[in-house]
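Letter by letter, the chains look like this.
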Amino acid sequence: MSILKISDFSLELTTGSQACLLDAVSLSVEEGETVGLVGESGSGKSLTARAALGLLPGRTRISGSVVLDGTDVFSAGPSQVLALRRSTASMVFQDPRSGINPMRSIGDYLTESLILCNKWSKADASQRALELLRSVGLPRPEAHLAQFPHELSGGMLQRVMIAGALSTSPRLLICDEPTTSLDVTTQAEIIGVLTEQQAQHGMGMLFITHDLNLASALCDRIYVLNAGTVVEHGGVQEVFTNPQSAYTQQLVAATPSVFTRTVSVINPTRSAAALRPAPEPESARPAVMLEARSLSKTYYVKGNPPLVAVNNVTLAVPRGDALAVVGESGSGKSTLARMIVGLEQADAGDILVAGVSRAAHSRTRAERLDRARTVQIVFQDPYLSLDPRIIAGAAVEDALRLHNKLSHAQSRSQVLALFDQVGLGEKHANARPRTLSGGQRQRVAIARALAVGPEVLVLDEATSALDVSVQAQVLEVVQEIRRKRGLTLLFISHDLAVVRKVCETTMVMRRGDIVEHGQTKNLLENPQHPYTQLLLDSIPRPEWELDQPEVPLAPNTSSAQIIGA
Amino acid sequence: MRALAAPPSVVKSLRLPRASGLFLTSLIVAAIMVVSAIAAPILAPYNPNIVDLANVLSGPTSAHWLGTDALGRDTLSRMMFGARSSLLGPLLVVVLSTAIGILLGLIAAWRGGWLDALLARIFDLLFAFPALLLAILAVALFGKGLAAPVIAMSIAYAPFVARLVRSLVVTERTRPYVAAYRVQGFSGGWIALRRVLPNVMPTVGAQSTLNFGYVLADLAALSFIGLGVQAPTADWGAMINESRGALMSGQILPAMAPTIAVVLVVIAINIIGEEFSDRLGGQIPL
Amino acid sequence: MNIFKLVARKLGTLLVTVFAASLLVFFSRALVPGDPVAFLLRGRKPSPEAIAEVTKQFGLDKPMWQQYIDWLGNLFHGDLGRSLQFRQDVTTVLADRLPVTLGLVVLAGVLIAILGLAAGIIAALNRGRTADRAILIAMTGLGAIPSFVGAIVLIAVFAVQLGWFPSYGSGDGFADGIFHLILPSIALALTFVALVARVTRSSMLDQLEREHVEVATSRGLPRSRVVLRHVLRNATGPILTVSGVLVAGLLVASSIVEQAFGLAGIGSLLVQSVDRLDFPVVQAIVLLIVIIFVLVNTIVDLLAPLIDPRVAAGAAAR
């Protein structure tokens, strides 16, 4: 018997737009099996997962059934639902920082349902909490019990949440994007913990993710959800290598991979080299366009030790090239980007754009404008990078008219031309940012950066907040523009797979230092530095793509060592 | 099914469309008050200060719709003239405090550093003096009337506006769109005044609208305890005070009419201000 | 260790604020143009004896800063100067009036705490339903009733029309005193009930939407436990903060209510002293209210880290 069986489950809002959020979703999870539920944002995957525990938003109409361990969750009485939540299934949420009450201790979190719901004694519950913390690989269980969430890192806190979910020995574990807010090495550790615990307890696992690579590495079967409908399901290799529905095909094609695909997918990604601007005559061949010499930046925050964000970084990007700066959070990659565009001042070192030093703060208007014309930036957050009050076209026009004496008609036509280049039209130019989608906003941000006519464009995680299919489109736009304009690109990212698609050279940063630097292809295929190797090993990849079986996916032993270190 | 209802964190936009009838009514009430204040000399049936001792506490009649007070003065006319001082005082306070608050808040947020810290200290000190207390102290120093309390309350309310402006601008200036303006070469002053300030103004406006209600109540209270507008000038607070004798003898209309006016205006202003702040996504802290 | 540092710093801030407030209150007199003797003797006969007495009493022949230091020194000995209208020590006058005001404020405080919290909690837990709407509408109405309006309406209805309660005076003895305080304390509480109810409601709604509440629900905790342990507990901070601010509002508004009901408390003394140009008493009461306000808010600040461990961590880091 399936531990979870969802049949023809539909859910629609009864207020406002009457939107149908889920349409006849059916899926099942057997004991001991890992089932992936894959979809982009708004596909309804989180709603489906929550429904399994009877967690539904108010003011909705539902039909179909959700049967958890033989009990229909929707027709069960409140006490039965509580019993199911207490002993049959538990859930690990995406962001432990907001999922664990910040005002209560870790010990309280781990023991509260044992003491309050299962009537354990305090001592027994604490004993169990210690065991759980140990089993998820936390270094100092006794100390952690008395700590508060803000004293732990995101990765550690996610382990706490997993421990909490395991406290009542559930038979089904629902994981809702449990690693999305974590760095890739931490993700690998958490996935290691989850698979280990699942194997030990023989639980069924429903794993919700937007990351096809992760699902393929982890799951036995997957369901692909699009706009509230299951468009495809089956064995993971089958779905991944031979997708049937158009949506899945598109999703697979858009999902970047660091590793050479062994299977052919539709619309194969063009290699970065092919996109390089056509070779110019030898005489015009590249001077170095962007150069940083021994850049350093340290932050001093009262009460904390000085934080060296960027330590003695030297780099050079030839005209028309693309350099990727890759690193996890806290690596200093964004600080580097902000120094290059002049948003932060370097403590030491020099920045040269087209041979001119730009390290000093621009004092006069002429200096400011001059600097602006050399380098522009696109930021990560599509929701905050546009002025909410200004229509998209006007934002671009502002930048145009600051730098050029233009009549209204001239600037208007230039705005439309720029919008055309990023794949947008006049109606987008007249729209307010809030009515645009994330991908459209990032295109506007790119158009705004181009309006100034820069020689270097910095993309600071510019596509990482987007769904994969949208990300693929925006990257396409970037490539197109790069080819046409001969732009020099500095591409800041945490995602090696994306970097492989875009950049010829790659630099890996860790805690402010450059640990490795080289041709992207060489660096990915033959990493020299242990940290680069760790990064690559941490990237989830399907079993059938593992060329070298001796490279395990985040062995639990090594993750424990890392935390202990 | 109710037992299964989860907190609405999955679907956030499940808000009922607000009935805006209340909002419209409030706008109409406010408009009526403003019009009768401005056009009092034309609209009022009597001179508000003409004493008619033959016709005191008349109760509602066809000649005096809201009756007369203990000196035989027409209550309706006094209400209309009273709207002038009752509304003008709060208006002055709101305009002054908003102007000062925006200036100081913007400076604190944009300049930062020691200036920000110093202003924060000064605001903290001023917060320890409730507005009405500062107004009473001002009367003690400079004598009764509206002038001293209006200035005192402007000073008392300015830090509230300044603190709000500061926090909004500080949030706003860390947003990438502001960074984008900088990278494009716009000057700091242009960004602050032309882009960031207009973005925070709606929220500041909503807060100032709410402040208008509080100030109106405070100034009316001041006149009620006899420290504000002085007889024989018509003012709602002062009228309530003057009619207390009649109230005790069971004649409630001369006291109730201005009382209801005060409550109506404050409710209307609160609803208008809250509607604004709701439409802005509830950014106002209190 | 960190806790000691935190307490020490808060107390430091308290002293600095009180010191600055005393400067402000004392030197406010200097804002008035003209002769200080004339200012202090406004409305009284400027006989040579009176002038000599005032000059001596306030040390007007000394420089202003010397007067301030003397005044401050006297404050520490409990000497707040002499009232011009009563010809008594200000301390004595205040002590006579203090019980009524204390009773009024405490009674109103209890009403505010019970009604405000209850209304806010009920509204939040029934979000969007009839109970919530009814409470919201009621609170919008209550919030628009300034204390003097409340006083007038209560007098009109319960004292004059129904005759259930007295409308004037402080009463004799304890029980009668409390009886005389019932209407005034209701009048005083009305606006603040609305304020506390709104803050409670919005603070709880904020918490109810948090993911940790959903997590707690997903773990099979009964609704009552989720509300108590995760919603109410976490919502306490803003409620406490607003309570601190509210104390000053209560003290000032009590002057209006005392005036309306003819109660002989500190508030009506303040109004009376302004009216009778008795500046030393005004000065003393203003400073007293400010000190109480700062004291209460320091206590609130010190309680904050007990509620939210992040506050303690943040304070220690600074």
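What counts, and at which threshold
- Residues numbered from 1 in each chain as written.
- Chains lettered and ligands numbered in written order.
- Predicted model: local features only at pLDDT ≥ 70, side-chain atom pairs only at ≥ 80, totals over all residues.
- Heavy atoms only, no water.
- Helix = DSSP H or I, 4+ residues; strand = E, 2+ residues; numbered from the N terminus.
- Buried < 20%, exposed > 50% of the residue type's maximum accessible area, 1.4 Å probe, protein only.
- Phe/Tyr/Trp six-rings, centres within 6.5 Å; stacked < 30°, edge-to-face > 60°.
- Lys NZ or Arg CZ within 6 Å of the ring centre and 35° of its normal.
- Contact = heavy atoms within 4.5 Å.
- Buried area = accessible area lost by both parts, 1.4 Å probe.
- Salt bridge = Lys/Arg side-chain N within 4 Å of Asp/Glu carboxyl O.
- Polar contact = N/O pair within 3.5 Å; in protein donor to acceptor, adjacent residues only side chain to side chain.
- Nonpolar A, V, L, I, M, F, W, Y, C, P; charged D, E, K, R; others polar.
- Domains from an automatic or database assignment.
- Expected span 1.5 Å × (residues − 1).

### Overview of unusual backbone geometry
Residues and elements named next belong to chain A.
- Of note, E177 is a non-glycine position whose phi angle comes to about 45°, a positive value.
- Inspection of the secondary structure puts E177 in the loop between β7 (172–176) and α8 (184–201).
- Phi at N312 takes a positive value of approximately 55°, unusual for a residue other than glycine.
- Structurally, N312 is set in strand β12 (residues 307–318).
- The exposure class of N312 is partly exposed, given its relative accessible area of 47%.

### Points about the packing of aromatic side chains
- With the rule as written, the count across this model stands at 16 aromatic pairs over all chains.
- Following the ring pairs from residue to residue traces out a cluster consisting of Y177(B), Y181(B), F186(B) and W190(B).
- Sitting above the plane of the F26(C) ring, R29(C) keeps its charged end 5.6 Å from the centroid.

### Details of the interface of chain A and chain B
- Listed per partner, the contact involves 39 residues of chain A and 26 residues of chain B.
- Buried area between chain A and chain B, both sides added, is near 2800 Å², and the carbon and sulfur share of it is 66%.
- Between D398(A) and R195(B) there is a salt bridge whose closest N-O contact spans 2.6 Å.
- Linking chain A with chain B are nine residue pairs in polar contact (both at pLDDT 80 or more).
- Examining the composition of the side of chain A that touches chain B, we find that four residues originate from one element, helix α14 (residues 392–403) of chain A, more than from any other.
- For the side of chain A that touches chain B, the class distribution of residues is 25 nonpolar, six polar and eight charged.

### What to know about the domain arrangement of chain C
Residues and elements named next belong to chain C.
- Taken domain by domain, chain C comprises domain 1 (18–75) and domain 2 (99–317).
- Using only C-alpha atoms to locate each centre, domain 1 and domain 2 end up separated by 36 Å.
- With 15 residues of domain 1 at the interface, the matching set in domain 2 holds 11 residues.
- When domain 1 packs against domain 2, the two sides together hide about 1000 Å² of surface, and 75% of this comes from carbon and sulfur.
- Linking domain 1 with domain 2 are zero salt bridges.
- Our count for the contact surface shared by domain 1 and domain 2 stands at zero residue pairs in polar contact (both at pLDDT 80 or more).
- Elements supplying a minimum of two residues to the side of domain 1 that touches domain 2: α1 (2–27), α2 (36–40) and α4 (64–76).
- Per element, the largest residue contribution to the side of domain 1 that touches domain 2 is five residues, and it comes from α1.
- Looking at the side of domain 1 that touches domain 2 residue by residue, the classes come out as nine nonpolar, three polar and three charged.

### Regarding the environment of S97(B)
All names here are of chain B.
- Considering the arrangement of structural elements, one finds S97 in helix α3 (residues 75–111).
- For S97, a relative accessible area of 2% translates into the label buried.
- The contacts of S97, once residues within four sequence positions are left out, are S154, Y157, A158 and V161.
- Polar contacts involving the side chain of S97 include one to the main-chain carbonyl oxygen of V94, which spans 3.3 Å.

### Regarding the pattern of salt bridges
- All told, the structure shown has 44 salt bridges over all chains when counted by the stated rule.
- Residues R229(C) and D108(A) are paired through a salt bridge, measuring 2.6 Å at the closest nitrogen-oxygen approach. Of this pair, R229(C) sits in helix α10 (residues 223–261) while D108(A) sits in helix α4 (residues 106–116), placing the two residues on different chains. Here R229(C) and D108(A) have matching classes, each one buried.
- Among the charged side chains, a network of salt bridges with common partners joins R104(A), D108(A), E112(A), R219(C) and R229(C).

### So, α8(A)
Residues and elements named next belong to chain A.
- A rise of 1.5 Å per residue sets the reference length of α8, with its 18 residues, at 26 Å; its end C-alpha atoms lie 26 Å apart and thus fit the reference within 8%.
- The buried count for α8 comes to 13 of 18 residues, which makes it a mostly enclosed element.
- Immediately downstream of α8, the backbone of G202 shows phi near 65°, a positive value.

### Some points on the environment of T488(A)
Residue and element names in this part refer to chain A.
- Within the fold, T488 resides in strand β18 (residues 488–493).
- What makes T488 buried here is its relative accessible area of 1%.
- The sequence separation of T488 and P141 amounts to 347 residues, and the corresponding C-alpha distance is 50 Å.
- Once residues lying within four places of it in the same chain are set aside, the contact partners of T488 are M289, V317, P318, R319, G320, D321, E455, V456 and L457.

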